[in-house]
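Here is what each chain is made of, one letter per residue.
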Amino acid sequence: MKRYKRIITTLLVALFALMATERASAQHTLTLTGGTGWSTARFYPAEETKWMWWTDTYGISWRYYSDKPRYVGCVGVDLEYMERGFNFGYAYTSEMKDDKEIRHYKYYTRNVNSIMLPLVWQPHFYLFKNHVRFYLEAGITLTVNLNATYENELTESKGPYKFKLVRDNRFEYGLAGGAGIDFLVKQVEFGFRARYYFGYSDMMRNRSF
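Residues numbered from 1 in each chain as written. Predicted model: local features only at pLDDT ≥ 70, side-chain atom pairs only at ≥ 80, totals over all residues. Heavy atoms only, no water.

Draft legend 1. The pattern of salt bridges, seen in detail. Inspection of every chain in the model, using the stated rule, returns 11 salt bridges. Between glutamate 80 and arginine 195 there is a salt bridge whose closest N-O contact spans 3.3 Å. Pair noted here: glutamate 80 is in strand S4 (residues 74-97) and arginine 195 is in strand S10 (residues 188-199), with a separation of 115 residues, a long-range link. Side by side, glutamate 80 and arginine 195 carry an identical accessibility label, which is buried. Across the salt bridge formed by glutamate 137 and arginine 195, the nearest N and O atoms sit 2.7 Å from each other. Note that glutamate 137 is positioned in strand S7 (residues 132-152) and arginine 195 in strand S10, a separation of 58 residues in sequence. The residues glutamate 137 and arginine 195 share a single accessibility class, namely buried. (Salt bridge = Lys/Arg side-chain N within 4 Å of Asp/Glu carboxyl O. Helix = DSSP H or I, 4+ residues; strand = E, 2+ residues; numbered from the N terminus. Buried < 20%, exposed > 50% of the residue type's maximum accessible area, 1.4 Å probe, protein only.)

Shown next as structure tokens:
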């Protein structure tokens, strides 16, 4: 954990240094974020899965709005602590009802705590005399998985999940997209955002648990 704290501290110092050296005509914002979401995973071959609800996210966002008119919107970096995971039904019992097979799954659940770094481009436009800003956003994401827990309904076991190099990927990458709205009151901003993350790397190298 000390290593991750040093990385976070270094990134924050770099952001503040950049803000201090830019011209005053450019606008910077630094925002605290928090929220909840939903998470799942895709398996190949396809298997029974269900969404994991109410996964929390906390972070800090930096945005740079250039004073040059040829630029539309802003660019920025987010640093987020994110809860993710999946529910995977790998064992089941079945019964026949109305000539149809009804399966009752036993689920394996993985909860993963991650640090994510989205690099964001955010086009926007203003409303109500520049007091409201509506925006779209697109970005790429880099992620490191810190730790995880598991629960197995079949074996009735749960506890810390141990990452293994031959089985698990600590580092991941992907894309993100979303939209939001900000309300500007003098030097203060607050708003709401919805974002979808799509991972392109595999969380597990193979199907072993």
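Draft legend 2. Here's a closer look at the packing of aromatic side chains. Summed over all chains, the structure comprises 12 aromatic pairs. Measuring from ring centre to ring centre gives 6.1 Å for phenylalanine 88 and tyrosine 90, while their planes differ by 25°; the resulting arrangement is stacked. Judged by centre distance (5.4 Å) and plane angle (50°), the ring pair of phenylalanine 125 and phenylalanine 134 falls under tilted. The class of phenylalanine 125 is partly exposed, set by a relative accessible area of 43%. Residue classification places phenylalanine 134 among the partly exposed residues on the basis of a relative accessible area of 31%. These aromatic residues form a ring-pair network of at least three members: Phe43, Phe86, Phe88 and Tyr90. Here the basic side chain of lysine 50 rests over the ring of tyrosine 107, its NZ or CZ set 4.3 Å away from the ring centre. The ring of tyrosine 161 is capped by arginine 110, whose NZ or CZ atom sits 3.7 Å from the centre of that ring. (Phe/Tyr/Trp six-rings, centres within 6.5 Å; stacked < 30°, edge-to-face > 60°. Lys NZ or Arg CZ within 6 Å of the ring centre and 35° of its normal.)

Draft legend 3. Representation of unusual backbone geometry in the model. Located in the positive-phi region is tryptophan 54, a residue other than glycine, with phi close to 60°. Here tryptophan 54 is to be found in strand S3 (residues 52-65). Judged by its relative accessible area of 58%, tryptophan 54 is exposed. A positive phi is found at lysine 129, a non-glycine position, where the angle reads about 55°. Mapped onto the secondary structure, lysine 129 falls in the loop between strand S6 (124-127) and S7. Residue classification places lysine 129 among the exposed positions, given a relative accessible area of 78%.

Draft legend 4. Quick look at the environment of valine 75. Checked against the element boundaries, valine 75 lands in strand S4. The exposure class assigned to valine 75 is partly exposed, which follows from its relative accessible area of 40%. Between the C-alpha atom of valine 75 and that of valine 120, which follows or precedes it by 45 residues, the distance is 5.6 Å. In this structure valine 75 touches Trp62, Arg63, Tyr64, Val120 and Trp121, once residues within four positions along its chain are discounted. (Contact = heavy atoms within 4.5 Å.)

Draft legend 5. Spatial organisation of a nonpolar patch on the surface. Together, Leu119, Ile140, Leu142, Tyr173, Leu175 and Tyr200 make up a nonpolar patch on the protein surface, roughly 570 Å² of accessible area in all. Those elements that provide at least two residues to the nonpolar patch are S7 and strand S9 (171-185). (Patch = residues over 30% accessible without salt bridge, like charges linked within 9 Å, V, L, I, M, F, W, Y side chains within 5 Å. Areas by Shrake-Rupley, 256 points an atom, 1.4 Å probe, with all protein chains shown as cover.)

Everything listed here is a matter of geometry and, on its own, says nothing about what the molecule does.
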